Amino acid sequence: AQSVAQPEDQVNVAEGNPLTVKCTYSVSGNPYLFWYVQYPNRGLQFLLKYITGDNLVKGSYGFEAEFNKSQTSFHLKKPSALVSDSALYFCAVRAPRAGNNRKLIWGLGTSLAVNP
Amino acid sequence: EAEVAQSPRYKITEKSQAVAFWCDPISGHATLYWYRQILGQGPELLVQFQDESVVDDSQLPKDRFSAERLKGVDSTLKIQPAELGDSAMYLCASSLPIGVRGQETQYFGPGTRLLVL
């Protein structure tokens, strides 16, 4: 069965420090992987995705993520955190050969708090 | 930049009443999704449309929920009757047609926050 795990409910980091939000997955075949961010009472905003190619993916707002097939991980990173990065972050995965069904499997989310 | 539109943004209703949510996807996006997100959890797919056809509604509580996309553009999600447990954020998303570059990415609207009293 397909699944996504975000092992940390909350991550705290000081402004200016690097941040990492962890995600591991279980899916057959080569997965499509996504990161989204959600601010309070807002919808989800797409940050970045891995489909194929270079394992290091760069996305919006200075975020990047590294696909590691052997560890089945797709951790989100940013070299220098901003207070405005404080939000809820979701990892999602989809099996590549799903036909018309594009169902994403979502993690439970990680709350990121960046302290001034 | 084109966005997914949803209305209303907030809805308060009493249990046993009917509620309806509207979504207008990004122009040209053939696939439309309705999700429910309970506070503190990830989104749960309720229904996926490809144009006007339902692709997946396996998680839609069909005794009280219905969804339609009659002309393959905008969509309505209805709950009748609403129950206390339906209080959640209802999110709409859309994506490009299959075979188009970038079709795997879903873009979300701002959501409708429903409170059932």
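A brief look at the structure comes next. (Residues numbered from 1 in each chain as written. Chains lettered and ligands numbered in written order. Predicted model: local features only at pLDDT ≥ 70, side-chain atom pairs only at ≥ 80, totals over all residues. Heavy atoms only, no water.)

**Here's the deal with the interface of chain A and chain B**
- Taken together, the contact between chain A and chain B spans 22 residues of the former and 32 residues of the latter.
- A buried area of about 2,000 Å², summed over both sides, lies between chain A and chain B, and 49% of it is on carbon and sulfur atoms.
- Our enumeration of links across chain A and chain B arrives at 1 salt bridge.
- We note a salt bridge from Glu 104 of chain B to Lys 49 of chain A, for which the minimum N-O separation is 2.4 Å.
- Linking chain A with chain B are 5 residue pairs in polar contact (both at pLDDT 80 or more), by the criterion used here.
- Contributions of two or more residues to the side of chain A that touches chain B are made by β5 (32-38), β6 (44-50) and β10 (87-94) of chain A.
- Residue contributions to the side of chain A that touches chain B peak at 4 residues, all from β5 of chain A.
- In terms of residue class, the side of chain A that touches chain B is made up of 10 nonpolar, 7 polar and 5 charged. (Contact = heavy atoms within 4.5 Å. Buried area = accessible area lost by both parts, 1.4 Å probe. Salt bridge = Lys/Arg side-chain N within 4 Å of Asp/Glu carboxyl O. Polar contact = N/O pair within 3.5 Å; in protein donor to acceptor, adjacent residues only side chain to side chain. Helix = DSSP H or I, 4+ residues; strand = E, 2+ residues; numbered from the N terminus. Nonpolar A, V, L, I, M, F, W, Y, C, P; charged D, E, K, R; others polar.)

**Digging into the environment of Phe 67 of chain A**
Residue and element names in this part refer to chain A.
- Within the secondary structure, Phe 67 is located in strand β8 (residues 64-68).
- The sequence separation of Phe 67 and Lys 49 amounts to 18 residues, and the corresponding C-alpha distance is 9.7 Å.
- Not counting the four nearest positions on each side in its chain, Phe 67 is found in contact with Tyr 25, Pro 31, Leu 33, Tyr 50, Asn 55, Ser 73 and Phe 74.

**Some remarks on the side chain of Thr 110 of chain A**
Residue and element names in this part refer to chain A.
- Topologically, Thr 110 is positioned in strand β12 (residues 110-115).
- A relative accessible area of 0% means that Thr 110 is categorised as buried.
- A distance of 2.8 Å separates a polar side-chain atom of Thr 110 from the backbone oxygen of Glu 8.
- Apart from the residues within four sequence positions on either side, Thr 110 is in contact with Gln 6, Glu 8, Asp 9, Gln 10, Val 11, Val 21, Ala 87, Leu 88 and Tyr 89. (Buried < 20%, exposed > 50% of the residue type's maximum accessible area, 1.4 Å probe, protein only.)

**Here we look at the state of the cysteines**
- Considering all chains together, one arrives at 2 disulfides over all chains under this definition.
- For Cys 23 of chain A, the disulfide goes to Cys 91 of chain A, at an S-S distance of 2.0 Å. Here the disulfide of Cys 23 of chain A and Cys 91 of chain A is left-handed, its torsion about the S-S bond being about -65 degrees. Linking Cys 23 of chain A in the loop between β3 (19-21) and β4 (24-26) with Cys 91 of chain A in strand β10, this pair joins segments that are 68 residues apart in sequence.
- Across the disulfide from Cys 23 of chain B sits Cys 92 of chain B; the S-S distance is 1.9 Å. (Disulfide = S-S within 2.5 Å.)

**Some words on unusual backbone geometry**
All names here are of chain B.
- Cis geometry is adopted by the peptide bond preceding Pro 8, which originates at Ser 7 and carries an omega value of -10 degrees.
- Tracing the backbone shows Pro 8 in the loop between β1 (5-7) and β2 (10-13).
- Between Gln 80 and the following residue, Pro 81, the backbone shows a cis peptide bond with an omega angle of -5 degrees.
- Position of Pro 81 among the secondary structure elements: in the loop between β8 (75-79) and β9 (88-95).
- Phi at Asp 51 takes a positive value of approximately 55 degrees, unusual for a residue other than glycine.

**Description of the sheet that holds β1 of chain B**
All names here are of chain B.
- A sheet is described by the order of its strands in space; here 4 strands give the open sequence β1-β3-β8-β7, paired in antiparallel fashion. Pairing within the sheet leaves two strands with one partner each, and these edge strands are β1 and β7 (65-68). If you compare each strand with its neighbour and ignore which way they point, the axes differ by 15 degrees on average.
- Pairing of β1 with strand β3 (residues 19-24), which is carried by 3 bridges, proceeds in the antiparallel orientation. Bridge pairing in β3 links Ser 7 to Trp 22. (Pairing = 2+ DSSP bridges. Axes fitted to C-alpha atoms, helices over the stretch in contact; angles between N-to-C directions.)

Taken by themselves, the reported measurements are silent on function.
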